[in-house]
Amino acid sequence: MIPRYISNFDTKGLPQRETDFLIIGSGIAGLYTALKAKAFGTVTVLTKKKLKDTNTERAQGGIAAAIHSADSPALHRADTLEAGAGICNVDAVEVLVNEGPERVRELIELGANFDRLDGKLAFTREAAHSRRRILHAGDSTGEEIQNALAKSLSEDDKVEFLEFHIVIDLLTRDNVCYGALVRNNFTGEIVVYYARAVVLAAGGAGQVFENTTNPDVATGDGISMAFRAGASVMDVEFVQFHPTALYLPGAPRFLISEAVRGEGAVLRNIRGERFMPNYHPGAELASRDIVARAIRSEMAETGSSHVYLDLSPMAGEKVKKRFPTITKTCAQYGIDIANEMIPVAPAAHYMMGGVHTNLNGETSVKGLYACGEVACQGVHGANRLASNSLLDGLVFGYRIIEYCKDNLAKQQPDNRHFRNQEQMTWQIQTDTVRQKIKDLMWNKVGIVRDGYHLQKAVAELNELDEIMSYEASSAEDIEVINLITLSNLITKAALMRTESRGGHFREDFTLKDDVHWKKHIGLRRNSGGELVAFELEVS
Ligand code: SIN
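Report follows, based on the coordinates. (Residues numbered from 1 in each chain as written. Predicted model: local features only at pLDDT ≥ 70, side-chain atom pairs only at ≥ 80, totals over all residues. Heavy atoms only, no water.)

### Points about the overall build of the protein chain
Helix and strand content of the protein chain: 16 helices and 23 strands. Taken over the C-alpha atoms alone, the protein chain extends approximately 65 × 55 × 45 Å along its principal axes. In the protein chain, of all internal contacts separated by at least 6 residues, the share reaching a separation of at least 24 is 73%. In the structure as shown, the protein chain presents an accessible area of about 20000 Å², 48% of it carried by carbon and sulfur atoms. (Helix = DSSP H or I, 4+ residues; strand = E, 2+ residues; numbered from the N terminus. Contact = heavy atoms within 4.5 Å. Areas by Shrake-Rupley, 256 points an atom, 1.4 Å probe, with all protein chains shown as cover.)

### Side note on the pairing of strand S16 (residues 307–310)
Here strand S15 (residues 266–268) pairs with S16 via 3 bridges, running antiparallel. Paired with valine 266 across the two strands is aspartate 310, which belongs to S16. Note: S16 against strand S17 (residues 342–351), 3 bridges, orientation antiparallel. Looking at the pairing, tyrosine 308 lines up with proline 343 of S17. (Pairing = 2+ DSSP bridges.)

### A few points about the packing of aromatic side chains
In this description, an aromatic ring pair is defined by two values, namely the gap between the centres and the angle between the planes. Taken as a whole and assessed by the stated rule, the structure comprises 9 aromatic pairs. A ring pair is formed by tyrosine 178 and phenylalanine 418, whose centres lie 6.0 Å apart and whose planes are at 45 degrees; its orientation type is tilted. Of the two residues, tyrosine 178 sits in strand S11 (residues 176–184) while phenylalanine 418 sits in the loop between helix H12 (389–407) and strand S21 (419–420), which places them 240 residues apart along the sequence. We classify phenylalanine 418 as buried; its relative accessible area is 4%. Ring centres 5.4 Å apart and planes at 75 degrees place the aromatic pair phenylalanine 209 and phenylalanine 241 in the edge-to-face group. Of this pair, phenylalanine 209 sits in the loop between strand S12 (190–200) and helix H6 (221–228) while phenylalanine 241 is found in strand S14 (residues 239–246), placing the two residues 32 residues apart along the sequence. The pair phenylalanine 209 / phenylalanine 241 is uniform in exposure class, with both members buried. Joined through ring pairs, the aromatic side chains of Tyr178, Tyr194 and Phe418 make up one cluster. (Phe/Tyr/Trp six-rings, centres within 6.5 Å; stacked < 30°, edge-to-face > 60°. Buried < 20%, exposed > 50% of the residue type's maximum accessible area, 1.4 Å probe, protein only.)

### What to know about the environment of glutamine 435
Here glutamine 435 shows up in helix H13 (residues 430–444). Of the residues examined, glutamine 435 reaches a relative accessible area of 34% and is grouped as partly exposed. Placed 324 residues apart in sequence, glutamine 435 and glycine 111 show a C-alpha to C-alpha distance of 41 Å.

### What to know about the sheet that holds strand S8 (residues 134–135)
To summarise the sheet geometry, strands pair through backbone hydrogen bonds and adopt either a parallel or an antiparallel arrangement. Spatial strand order, S4-S8-S7: 3 strands in an open sheet with antiparallel pairing. Either end of the sheet is taken by a strand with one partner, and the two such strands are strand S4 (63–64) and strand S7 (123–124). Direction of pairing for S7 relative to S8: antiparallel, over a ladder of 2 bridges. Paired with phenylalanine 123 across the strands is leucine 135, a residue of S8.

### Things to note about the sheet that holds strand S18 (residues 354–356)
An order of S20-S18-S13-S22-S23 is seen for the 5 strands of this open sheet, with the pairing classed as mixed. Two strands lie at the open edges of the sheet, namely strand S20 (375–376) and strand S23 (531–537), each paired on one side alone. Where strand S13 (residues 233–234) lies against S18, 2 bridges are found, and the strand directions are antiparallel. Across the sheet, valine 233 pairs through a bridge with valine 355, a residue of S18.

### Topic: the site of the ligand
The full set of residues close to the ligand is Gln60, Gly61, Glu126, His242, Leu255, Ser257, Glu258, Arg288, His349, Arg384, Ala386 and Ser387. Between the ligand and histidine 242, the relevant distance is 2.8 Å, taken from an oxygen atom to a side-chain nitrogen or oxygen of the residue. A distance of 3.0 Å separates an oxygen atom of the ligand from a polar side-chain atom of arginine 288. Considering the ligand on its own, with 250 Å² of exposed area, one finds that the protein chains cover 95% of that surface. Within the shell around the ligand, the residues separate by chemical class into 2 nonpolar, 6 polar and 4 charged. (Near = heavy atom within 4 Å. Polar contact = N/O pair within 3.5 Å; in protein donor to acceptor, adjacent residues only side chain to side chain. Nonpolar A, V, L, I, M, F, W, Y, C, P; charged D, E, K, R; others polar.)

### Points about unusual backbone geometry
With a phi close to 60 degrees, alanine 85 is a non-glycine residue in the positive phi region. For alanine 85, the location among the structural elements is in the loop between helix H3 (73–83) and helix H4 (90–110). Under the relative-accessibility criterion, alanine 85 is labelled buried at 13%. In the Ramachandran plot, phenylalanine 164 falls in the positive-phi region, its phi being about 55 degrees despite a non-glycine side chain. Within the secondary structure, phenylalanine 164 sits in the loop between strand S9 (159–162) and strand S10 (165–173).

### Looking at the nonpolar core
In this structure, Leu170, Leu200, Leu368 and Ile490 are the most contacted members of the largest nonpolar core, which totals 80 residues. Tallying contributions element by element places helix H15 (residues 475–496) first for this core, with 11 residues. Here leucine 200 is in contact with Ile24, Gly222, Met225, Ala226, Val355, Leu368, Tyr369, Ala370, Cys371 and Val374, once residues within four sequence places are set aside. If you look at the next biggest cluster of nonpolar residues, it comprises 51 residues, including Val45, Ala59, Ala148 and Leu149. (Core = buried A, V, L, I, M, F, W, Y, C linked by side-chain atoms within 4.5 Å.)

### Examining the pattern of salt bridges
Throughout the structure, instances matching the rule amount to 35 salt bridges. The partner of aspartate 71 in a salt bridge is arginine 133, with the nearest N and O atoms 2.7 Å apart. Of this pair, aspartate 71 sits in the loop between S4 and H3 while arginine 133 sits in the loop between S7 and S8, and the two are 62 residues apart along the sequence. When salt bridges that share partners are traced, they join Glu237, Arg497, Glu499, Arg501 and Asp514 into one network. (Salt bridge = Lys/Arg side-chain N within 4 Å of Asp/Glu carboxyl O.)

Following this line, the structure appears as structure tokens:
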């Protein structure tokens, strides 16, 4: 049973604030949406930690857009559809590839400084792209974009930034979203934010899994709070595992960008043998799911916890110049990447599914919009093409504001009283529960799945069900409840999908089954708190 709200509250007794646009999340989708929204009203951006604690900040490889004279939206479209394994929403892909170049040019005008060669933009290549189309800023492209957006917003008094503010729940009545119940993590104060439009840009959910490239904040809050509020979610069984995260005991799973392979690096098992050509003609540049599974097989075959990324095909000094962040991070752990191989293993990286939206970012709850990784309009299908995620945040964030400027709720109703007195008071052992979820999701709902282990995961998650009826009285409680909620959704959808497609691989159903499964799995919470599954046609 999934509760509607995870805390007891009565808005009558709480401080109340008003804003036109309440934006939840401060990565590329949140900041860019804020930048566009400020022309049409007041904007409040909430973020759980510091403004820069986002997945965007960590994005290395780059941002894909058909800008090069030898490229075209049609070619970008074809690669995106191919990676998406048959279930991309073609209209969403059209929007992405056609509107993407203009959004990227806007970023450049805002000051994002992408690498250039002889004065012209430089393009790199990543897996499953048929050509070089990825703009980059060294290997810290996300940071460059995040800085450019934050700088453009910093002098604007129409945009209020609230760091260390976590949303407990969205406030809804009769399937309309009016705002959010928010906790200030410094003071513990609970505040009500009413808004004419609530935009979820809360990012990803890598922390559901034991190994992830995502920051601590990526606990799937956006999907979980939207789900509790009655919004439909879609495609959540499709999780992308990045093949190459740094593997060193005690070190975080720092991303080693796919662009490193794009520039010529190769993968070797612990015996020093190059193995990718045995798995796929695309070798190291096969799609991420194929490379991640190949690495997993090699690790099992050689009884090792990792493989190696060998950068020797690239000239030493070029490596350091092109990948300064990777060079520096590896050096902290005693690895000189120009001369030594990097130990790597796969890690959870990106959620293709999310809160279901149309092409204007509208969710199934009126007044609630979603963009970026938290959203799913089907643009990535079953597997996201590398470096399409930053672009997605821009393109669909822009469309939300274009839509809202003519369709914003004119005024809020007088009676906005919301309350909940259902939760039981209990002390949740957050650390223990969080670790339990991460272990079970990694081992039973990870890179390779099967019905037996998925059933076991469902049973283990059922044992944690009770926690969702406890009062969430800290940020840690809120995150743990969100992790349990999302784990349930991923596991149930993964169990339903009896085929293999893109990021979802079933050892007991190894083939893609277009006859039965060329469709999306949607999930929503009914008024009784039960999870309802439904099917959506691929459009
Ligand atoms: C990478 O640099 O390998 C990650 C880029 C992405 O996730 O699109």
